[in-house]
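# Summary of the model geometry
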Amino acid sequence: MQTQTEQQAGDTWLAALDAEARALVAAVDAQPDARRMLEGTLDAEGYIHYLVQTYHYARWSTALLSEAGYRLRHLGRHPELAELLIQKGEEERGHDEWLLSDLKNLGCSREQVEAAAKSPAVDAYTGWNFFTSRAGVPTAVLGTSYVLEYLSQTRAGRWAERMQAASAIPNIHKAVTFLRSHGALDGDHVAEMVKILGRLTDPEDQEAILFSARVARSVYPRIFREGGASSRSLAA
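Residues numbered from 1 in each chain as written. Predicted model: local features only at pLDDT ≥ 70, side-chain atom pairs only at ≥ 80, totals over all residues. Heavy atoms only, no water.

## Here's the deal with unusual backbone geometry
The backbone phi angle of histidine 78 is positive, close to 45 degrees, even though this residue is not glycine. Looking at where histidine 78 falls in the secondary structure, it is placed in the loop between helix H4 (61-75) and helix H5 (79-92). Although it is not a glycine, serine 167 adopts a positive phi angle of roughly 50 degrees. Looking at the secondary structure, you find serine 167 in the loop between helix H9 (141-166) and helix H10 (177-197). (Helix = DSSP H or I, 4+ residues; strand = E, 2+ residues; numbered from the N terminus.)

Here is the structure:
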């Protein structure tokens, strides 16, 4: 049974995690292309850039989450969290195909997408999370997962709705599967994670989760075009 002090400590670190999630939303909103998505005015090149960079990190989501879960299981730690991570890895399976489908409807082939250059932000994101899953504190990936699912809950559905309503991008109504699906799914995921994380009392795990949340908050906004400047589109 938790003491009052332990409950207060748990509330404090979860409040810090929630603050990181809110800070990520604010940092994303400050990006010109993200702001244009929210307004429905983003051009095709900017949206394609966003989807391509998202594909380059989302394609590894199942591996990142599952490896962390299996490593926790191997270490004999936090069996409930281990199963949650493995489950979340399976839930992410195939989401990269949604992105490829959206991009195909914008005129971009799978070959073009896979050959497109990754941004330094994507390399930093995948590199850090593979490190924590394979060699660091495996629960750390939950910090990344929490803040990104919070972002999806608050922005993905709205981005899809605004861009469809404005119709500034040709064929946009067939190119928002990834955003629409994540906006619908991730609200329940956030609530589920809060319940489980609230029972996590190990200071090392808490700090690792918070640190990964900070990394995501710092790195993720940079997957958008630098300054929202125009760039060569994959679509011919």
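Here the narrative resumes, following the displayed structure.
## Structural notes on H5
The terminal C-alpha atoms of H5, which comprises 14 residues, lie 20 Å apart, in line with the 20 Å expected from a rise of 1.5 Å per residue. Residue glycine 94 follows H5 closely and has a positive phi angle near 90 degrees. (Expected span 1.5 Å × (residues − 1).)

## As for the pattern of salt bridges
Throughout the structure, instances matching the rule amount to 19 salt bridges. Among the salt bridges present, the one from arginine 214 reaches glutamate 207, with a minimum N-O distance of 3.4 Å. Accessibility expressed as a relative area gives 29% for arginine 214, which makes it partly exposed. Judged by its relative accessible area of 41%, glutamate 207 falls in the partly exposed class. The network of salt bridges with shared partners includes Glu20, Glu207, Arg214 and Arg217. (Salt bridge = Lys/Arg side-chain N within 4 Å of Asp/Glu carboxyl O. Buried < 20%, exposed > 50% of the residue type's maximum accessible area, 1.4 Å probe, protein only.)

## Regarding the packing of helix H8 (residues 120-134) against helix H11 (residues 203-219)
The geometry of H8 relative to H11 is characterised by a closest axis approach of 10 Å and an angle of 170 degrees between their N-to-C directions. Considering their axes alone, H8 and H11 lie roughly antiparallel with respect to each other. When H8 is examined against H11, the residues Ala121, Ala124, Tyr125, Trp128 and Thr132 are found in contact with a partner set consisting of Phe211, Ser212, Val215 and Val219. Partitioning the contact of H8 with H11 into residue classes produces seven nonpolar, two polar and no charged. (Axes fitted to C-alpha atoms, helices over the stretch in contact; angles between N-to-C directions. Parallel < 35°, antiparallel > 145°, perpendicular 65-115°, else oblique. Contact = heavy atoms within 4.5 Å. Nonpolar A, V, L, I, M, F, W, Y, C, P; charged D, E, K, R; others polar.)

## Description of the nonpolar core
Ranked by internal contacts, the top residues of the largest apolar core, which has 69 residues, are Tyr47, Tyr50, Leu179, Leu197 and Tyr220. Ignoring anything within four residues of it in the chain, the contact list for leucine 197 reads Trp13, Leu14, Leu17, Leu142, Tyr146 and Ile209. (Core = buried A, V, L, I, M, F, W, Y, C linked by side-chain atoms within 4.5 Å.)

Shape is all these values report; function is a separate question.
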